[in-house]
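Architecture and fold: a report
Okay, here's what each chain looks like letter by letter:
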Amino acid sequence: VLTSSAVAALVGAVVLGLTSYVPAFVQGSLGTTALVAGFTLSTMTIGWPLAAARSGWFYLRIGFRNTAMIGSVPVLAGTGLLTLLDERSPVWQVAGCCVLVGLGMGLIASPALISAQSSVTWAERGVVTGAYSFARSIGSAVGVAVFGALANAAAHDVAGSGPLAPEQLADAVAPVFVALLVTAVALAVTAATMPNRPAEQPDPT
């Protein structure tokens, strides 16, 4: 349960970091419209359900931990590629990063939740599910606060108190993308500590 909650917190941090800063980068640095920026981020929500729909097939055959570790690969690849973006990057490249992250999250979030639920009796599964959701919310709140502090500090360094030019906005968002990669690494390490098979259920009597 503890490991799954830690995974949930890191998932929340990565997801909210992408949600907060990818649209700002696409619109402000790449010069697109808000609609295009929104569609760019939405590619993550395409990859996520596609992978989540198949995650059950994976974790029933190779286990929770192995499925999450497979999912860690595209998450690391997607966040790693984000660190290579600048104001000259094409929109499709940003969308591709979001697709990769979404595919990975679909293979991490579901096994983490089912792993926690299968480690307790039926009477406790509601509490465990609530704890998982709460941990994800906490991770989102802490993550976006840390990412915001990094972005604000970088923005002050490159532009002071004045408005940000497109290349300056890219420089301000760059530390956030690096922090997302670091968070993804922590997510992969935490996922490696998950149990691979359901725990033996205690006797309810």
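Values in this document were obtained by computation on a predicted structure and should not be read as measured data. (Residues numbered from 1 in each chain as written. Predicted model: local features only at pLDDT ≥ 70, side-chain atom pairs only at ≥ 80, totals over all residues. Heavy atoms only, no water.)

Glancing now at the packing of aromatic side chains. All told, the structure shown has three aromatic pairs when counted by the stated rule. Seen in terms of ring centroids, Phe25 and Phe177 are 5.7 Å apart; in terms of plane orientation they differ by 75°. Their pairing is edge-to-face. With Phe25 in helix H1 (residues 2-28) and Phe177 in helix H6 (residues 166-191), this residue pair connects regions lying 152 residues apart in the sequence. Seen in terms of ring centroids, Tyr59 and Phe64 are 5.3 Å apart; in terms of plane orientation they differ by 40°. Their pairing is tilted. With a relative accessible area of 15%, Tyr59 lands in the buried category. Residue class for Phe64 comes out buried when judged on its relative accessible area of 3%. (Phe/Tyr/Trp six-rings, centres within 6.5 Å; stacked < 30°, edge-to-face > 60°. Helix = DSSP H or I, 4+ residues; strand = E, 2+ residues; numbered from the N terminus. Buried < 20%, exposed > 50% of the residue type's maximum accessible area, 1.4 Å probe, protein only.)

This next bit is on the packing of helix H2 (residues 34-62) against helix H3 (residues 64-82). Packing of H2 against H3 leaves a shortest axis separation of 7 Å and a crossing angle of 130°. What the angle tells us is that H2 and H3 run oblique. In this structure, H2 uses Ser55, Phe58, Tyr59 and Ile62 to contact H3, whose residues at the interface are Phe64, Asn66, Thr67 and Ile70. Per-class residue counts for the contact of H2 with H3 are five nonpolar, three polar and no charged. (Axes fitted to C-alpha atoms, helices over the stretch in contact; angles between N-to-C directions. Parallel < 35°, antiparallel > 145°, perpendicular 65-115°, else oblique. Contact = heavy atoms within 4.5 Å. Nonpolar A, V, L, I, M, F, W, Y, C, P; charged D, E, K, R; others polar.)

Before going further, it helps to spend a moment on the pattern of salt bridges. Under the definition given, this model contains two salt bridges. With a closest N to O distance of 3.1 Å, Arg88 and Asp86 form a salt bridge. What makes Arg88 exposed here is its relative accessible area of 64%. Judged by relative accessible area, which is 22%, Asp86 ranks as partly exposed. In this structure, Arg88 and Glu87 form a salt bridge, with 3.1 Å as the shortest nitrogen-oxygen distance. Beyond isolated ion pairs, a larger network of salt bridges with shared partners links Asp86, Glu87 and Arg88. (Salt bridge = Lys/Arg side-chain N within 4 Å of Asp/Glu carboxyl O.)

Geometry only, nothing functional implied.
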